[in-house]
Structures are given as structure tokens and as C-alpha cells.
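# Chain and residue survey
Chain by chain, the residues:
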Amino acid sequence: AVNARRADVKEMYSTLNEGRALELLRRYQVEYVYVGPLERVYYPAAGLAKFGRMAGASLDVAFSSAEVTIYRVRAAS
């Protein structure tokens, strides 16, 4: 179960598919997505950029600074 969850987390951050990312976020009842320096080292920039595109639709920016953005996952409607 741990390896499956680890793979899902990697997919959440790496996938370019916004729908798939949202599906995984909701499956694990994720409330906040943290994107900071460590995530930028481990995950592709294109995968991380999708969170910015999702802001205003399925995510909200809860916090933003020069190095960190925290997104809040909106409740399913």
C-alpha cells in the first residue's frame, strides 16, 4: 500500500493531466498541495505548472511567496 501511495503522489506532481491529478487528490482527500524548492527538484516543471492552471477552478492559492506556493483543493461539487 505504501508503494502504491508513493507512486500516486509522484503521479499527482508529475502528470500533465489536470483531471487525473484532481482524481488522485480527491481519492486521498488532500486539502493542500505544497509546491516549494524540494518539489521543483524532484518533479518536472510541466507537471508542477498544472497546479497554477488549476487555480481558480479546482484549486485556490492559499499562500504564495517567491519560493513556495500552497494550493487549497476545492471541495467537490
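An account of the accompanying structure is given in this report. (Residues numbered from 1 in each chain as written. Predicted model: local features only at pLDDT ≥ 70, side-chain atom pairs only at ≥ 80, totals over all residues. Heavy atoms only, no water.)

### Focus on the pattern of salt bridges
The condition is simple: Any carboxyl oxygen of Asp or Glu within 4 Å of a side-chain nitrogen of Lys or Arg constitutes a salt bridge here. Under the scheme used here, helices are H or I runs from DSSP no shorter than 4 residues and strands are E runs no shorter than 2 residues, and both carry numbers assigned from the N terminus. Burial classes: relative accessible area under 20% of the type maximum marks a residue as buried, over 50% as exposed, and values in between as partly exposed (1.4 Å probe, protein chains only).
Within this structure, the stated rule accounts for seven salt bridges. A salt bridge links E18 to R53, with the nearest nitrogen and oxygen atoms 2.9 Å apart. A residue pair is termed long-range when its members are at least 10 positions apart, and E18 in helix α2 (residues 18-27) and R53 in helix α4 (residues 45-54) qualify at 35 residues. Exposure remark for E18: the relative accessible area of 30% places this residue in the partly exposed category. Notably, a salt bridge pairs E23 with R20, separated by 2.7 Å at the nearest N-O pair. Highlighted residues: E23 and R20, both in helix α2, separated by three residues, approximately one helical turn. Here E23 falls in the partly exposed class, since its relative accessible area comes to 42%. Note on R20: relative accessible area 22%, which makes it partly exposed.

### Side note on the sheet that holds strand β3 (residues 69-73)
Two pairing modes exist for strands in a sheet, parallel and antiparallel, and in both the strands are linked by backbone hydrogen bonds. Here is the rule we go by: A pair of strands is labelled paired if DSSP reports no fewer than 2 bridges between them. Note on definitions: angles span 0 to 180 degrees between N-to-C directions of axes, and those axes are lines fitted to C-alpha atoms, for helices only across the stretch in contact. Contacts were defined at the residue level, with two residues in contact if any of their heavy atoms lie within 4.5 Å.
One open sheet holds the three strands; their spatial order is β1-β3-β2, and the pairing between them is antiparallel. The two strands at the open ends of the sheet, each matched to only one other strand, are β1 (32-35) and β2 (59-64). Ignoring which end each strand starts from, the neighbouring axes of this sheet average 25° apart. As defined by bridge partners, β1 adjoins β3 across four bridges and the pair is classed as antiparallel. Directly across from V35, in β3, lies its bridge partner T69. In the packing of α4 onto the sheet, contacts are made with β1, β2 and β3, and the angle to β1 comes to roughly 130°.

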